[in-house]
Amino acid sequence: MSYPASRIVLTTRRRRLALVCAALGLGATPAIAQQREFAVVPSVRLTETVTDNARLGQSSSGTEWITQLNPSVRVDAKSARIDGQMTLGMNSAMYANGTQPNTNQLLLNGNGKLTAWENHGFIDLFGSISRQPTYAFQPQGTGGVTGTSNLSEVKLFTVSPYLKGRFGSTGTVEARYSMSDMESNSTAVSRNLTDTWSLTASDPYALGRLGWDFNYRDSHTESTNRRDIDHTSLRFGGTFAVDPQLMLRVIGGSETSNYTSADTTTKTIYGGGGDWRISPFTTFKGTVEHRFFGTGYDLSFEHRGPQLAVQASYSRDVSSLGQSLQGATSQFDRLMAHPALVASFPNPSVRAAFITQNYATLLSMFPGTTDLTNGFYLDRRLQLSVTFIGARNSLTFTGFRTERTPLTESSFSLSPTTSTTSNYTTTGGTATVQHKLTPITSANLSLTAMRSETGQATVSGTATGPVSARSRMITAGLTTNFTPKTTGSLSIRNSHGSGSTSYTENALYGTVLYQF
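Residues numbered from 1 in each chain as written. Predicted model: local features only at pLDDT ≥ 70, side-chain atom pairs only at ≥ 80, totals over all residues. Heavy atoms only, no water.

### A closer look at the overall build of the protein chain
Secondary structure assignment for the protein chain yields five helices and 26 strands. Counting every position in the protein chain, which comprises 516 residues, the buried fraction comes to 46%. Residue pairs in contact within the protein chain that sit at least 24 positions apart in sequence constitute 56% of those at least 6 positions apart. On the protein chain, roughly 24,400 Å² of surface is accessible, and the fraction owed to carbon and sulfur atoms is 61%. (Helix = DSSP H or I, 4+ residues; strand = E, 2+ residues; numbered from the N terminus. Buried < 20%, exposed > 50% of the residue type's maximum accessible area, 1.4 Å probe, protein only. Contact = heavy atoms within 4.5 Å. Areas by Shrake-Rupley, 256 points an atom, 1.4 Å probe, with all protein chains shown as cover.)

### Details of a nonpolar patch on the surface
A cluster of nonpolar side chains, namely V50, W65, L490, I492 and L508, defines an oily patch on the protein surface of about 470 Å² accessible area. Tracing the chain through its elements places I492 in strand β25 (residues 486–498). (Patch = residues over 30% accessible without salt bridge, like charges linked within 9 Å, V, L, I, M, F, W, Y side chains within 5 Å. Salt bridge = Lys/Arg side-chain N within 4 Å of Asp/Glu carboxyl O.)

### Digging into the sheet that holds strand β22 (residues 457–459)
An order of β18-β19-β22-β23 is seen for the four strands of this open sheet, with the pairing classed as antiparallel. Only two strands of the sheet have a single partner each, and these edge strands are β18 (412–413) and β23 (462–464). One ladder, built from two bridges, connects β18 with strand β19 (residues 418–420); its direction is antiparallel. By the bridge assignment, S413 is partnered in β19 with S419. (Pairing = 2+ DSSP bridges.)

### Here's the deal with the nonpolar core
Listed in full, the nine residues of the largest apolar core are A136, F137, Y377, F412, L414, Y424, A457, V467 and A469. Ignoring sequence-local partners within four residues, the contact set of A469 consists of F137, M450, R451, S452, S498 and G499. In this structure, I229, Y259, F293 and L407 belong to the second largest nonpolar core, which totals eight residues. (Core = buried A, V, L, I, M, F, W, Y, C linked by side-chain atoms within 4.5 Å.)

### Brief notes about the packing of aromatic side chains
Throughout the structure, instances matching the rule amount to nine aromatic pairs. Centre to centre, the rings of F122 and Y162 are 5.5 Å apart; their planes meet at 25°, and the pair counts as stacked. Linking F122 in strand β5 (residues 121–133) with Y162 in strand β6 (residues 151–167), this pair joins segments that are 40 residues apart in sequence. Ring centres 5.2 Å apart and planes at 50° place the aromatic pair F214 and F236 in the tilted group. Of this pair, F214 sits in strand β9 (residues 210–223) while F236 sits in strand β10 (residues 229–243), and the two are 22 residues apart along the sequence. Using a relative accessible area of 47% as the deciding quantity, one classes F236 as partly exposed. One aromatic cluster is present, built from ring pairs that chain together Y259, F292, F293 and F376. Its guanidinium or amino end placed over the ring of F122, K113 lies 5.4 Å from that ring's centre, counting from NZ or CZ. (Phe/Tyr/Trp six-rings, centres within 6.5 Å; stacked < 30°, edge-to-face > 60°. Lys NZ or Arg CZ within 6 Å of the ring centre and 35° of its normal.)

### Some details on the pairing of strand β21 (residues 441–454)
Summarising the sheet, strand β20 (residues 424–438) and β21 pair through 14 bridges and their orientation is antiparallel. Bridge pairing links T427 to R451 in β21. Taking the residues between adjacent antiparallel strands as the criterion, β20 and β21 are bridged by two residues. Where β21 and strand β24 (residues 467–483) come together, 14 bridges link them in antiparallel fashion. Across the sheet, the residue bridging to L445 is A476, located in β24.

### Overview of unusual backbone geometry
Most peptide bonds are trans, and most residues other than glycine sit at a negative phi. Here the phi dihedral of N119 falls at roughly 70°; this positive angle occurs in a residue that is not glycine. Position of N119 relative to the elements: it lies in the loop between β4 (103–117) and β5. Using a relative accessible area of 57% as the deciding quantity, one classes N119 as exposed.

### Re the side chain of T282
Here T282 is to be found in strand β13 (residues 282–291). You can call T282 buried: its relative accessible area is 9%. For T282, the side chain forms a polar contact with the side chain of H303, separated by 2.6 Å. (Polar contact = N/O pair within 3.5 Å; in protein donor to acceptor, adjacent residues only side chain to side chain.)

### Brief notes about the environment of S43
By the secondary structure assignment, S43 is in strand β1 (residues 38–51). Looking at S43, the relative accessible area reads 14%, which means it is buried. Setting aside anything within four residues of it in sequence, one finds S43 in contact with N70, P71, S72, L513, Y514, Q515 and F516.

### Observations regarding the pairing of β20
Look at any regular strand and the pattern is simple: side chains alternate between the two faces of the sheet. Inspection of the sheet shows strand β17 (residues 393–406) paired to β20 by 12 bridges, in the antiparallel sense. Looking at the pairing, G399 lines up with G429 of β20.

### Focus: the confidence of the model for the protein chain
Chain-level pLDDT for the protein chain is 82 on average; 82% of the residues reach the 70-or-more range. Contacts for the low-pLDDT stretch residues 1–12, under 50 throughout, to residues beyond four places or in other chains number four contacts. Every residue in residues 364–369 scores below 50 in pLDDT, and together they form 32 contacts with partners more than four places removed in sequence or on other chains. (pLDDT = per-residue confidence, 0-100.)

Below you can see the structure in the form of structure tokens.
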């Protein structure tokens, strides 16, 4: 029996991934046995939700009592050989009135580094199994239990072995290979398998204040029922250390790709940038380049003071669903470290439970992806987060705007009947207030609003003009510790959306978390 070439490639990739993971398991086992520097924290969370619109439809016939049971285990490892964390759990949702089918969802979020050769050989691991909104113009559910018709399971696994070395007094070199496998149970997105080879080297003080850097990157992406995408880039840079706080650089190189057509094209890269450490608490980094798509940039500003934290970024670059998902999942760890959440929930397990339950709201602090977009696209993104931290209060304002333009021959599926080959934008923001009533009890209030729009769209196969969708959600609640290992919360929310489907939802939900 003969098999299609694509199936043979996929089977080969799976075997290679299995072999790499098996080798990692063999390497990790003795490290754990020798060091024992790890913690295993099992927990179980029970959530009861009463909502008047579980389906997020136009009518209120979706009145429902939803029971969620979420057992999970978190493993934190930090030793001479292993540094990382992983959370594995199961989210079971049961609907008393049968407005939606009962579900059992496996959840995984983990990343880590394995030291295979001390100071030289390492392997980065990343794994995620999550539920993501499928369409940007459909109702965005909450807690993974409302509006489930617009949720899809997405799996993303990455294995990245690399070698590092040093030369001279300040030079470094790194050779890396990354293999990424992303798939979804939705027909709105194709499965992607990506291989990436890279080589980087730099010596910032090769000639006193003068230095240099070099970067080579080659990637190959195979997608189900779509053509392969190849991209190769080569960059050389010169650096000048004005002083210990300011480093300037110039960049030159070229890149070859077939994003926009089956034929490959080669374009010149040139630009510059700098890193400025304004103070021990404040940094600015920026790079601007001429690329095949025009001007690309990556600008970021961060200030972390005892009472004020500011994060801002502005970027324009090629992106893909896998890159966005990995960024969004990594945002779970960024939320875990967010000053406002750390101040309100000092216990990491309690903080993780709060983030998991309110992820749809909190995600707008560090927006990653709002829907499953196919292929590669040009992503222009502006983000801002400002947090004021007091002895008992914290106040956070966030805002973002993303603009996506397809690069490959594809359209964005914005709803089951709406698509666009043009760019579409998403704009939103969140205001969150948290107040410590007592050392063990906190109150929180948040408002989130978001708007997605596109200039040209196709609805049910018919070309039309601008199409947009809006959503707004208000939540308020209390969180307290019943015992050192038991935490409870009680919250209310009001959600409203308009667009391809208009809806209003009101809900009351309570959660009890027990950490063993």
